[in-house]
Amino acid sequence: MRVNLRPGVTLTLIDEVAVLLDERTGRYRQLNATGALVLRSLLAGQSQDGAAADLVRTCPGAAPTADADVAALVAQLRAANLLVDLTDDRAADRKRPR
């Protein structure tokens, strides 16, 4: 499933880290370089598996835990109400009766 930032959430990339501002609450969250890499992959349209693969390509040592790390980050961002799920319009089109 593809994700995007919830409206009202601003992403700022500073060097290799990411800062998320939830304009609704005024709270900031900072992601380290690894978290920023994963979030950029997800926002570029990658699935969680694709983001984990991007992580492993950049940081080969992350391979043993990449899938779990990506899932944990997504879960944390969802719990903080910073992400929204996007439907895949192409998949929805395939499921619609003609």
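Above: the structure in question.
Residues numbered from 1 in each chain as written. Predicted model: local features only at pLDDT ≥ 70, side-chain atom pairs only at ≥ 80, totals over all residues. Heavy atoms only, no water.

Caption draft 1: View of helix α2 (residues 48–58). Gly50, Ala51, Ala52, Asp54 and Leu55 are the residues of α2 that are buried. In this structure, the buried side of α2 is in contact with α1 (33–43) and α3 (66–79). (Buried < 20%, exposed > 50% of the residue type's maximum accessible area, 1.4 Å probe, protein only. Helix = DSSP H or I, 4+ residues; strand = E, 2+ residues; numbered from the N terminus. Contact = heavy atoms within 4.5 Å.)

Caption draft 2: Seen up close, the nonpolar core. Ranked by size, the top nonpolar core spans 23 residues in total, and within it Leu20, Val38, Leu55, Val70, Leu77 and Leu83 carry the most contacts. Mapped by element, the contributors of at least two residues to this core are β1 (2–5), β3 (17–22), α1, α2 and α3. Other than its neighbours up to four places away in sequence, valine 38 contacts Ala51, Leu55, Val70 and Leu73. (Core = buried A, V, L, I, M, F, W, Y, C linked by side-chain atoms within 4.5 Å.)

Caption draft 3: Main features of the side chain of serine 41. Residue placement: serine 41 occurs in helix α1. If we ignore the near neighbours within four places in the chain, the residues touching serine 41 are Gln46, Ala51 and Asp54.

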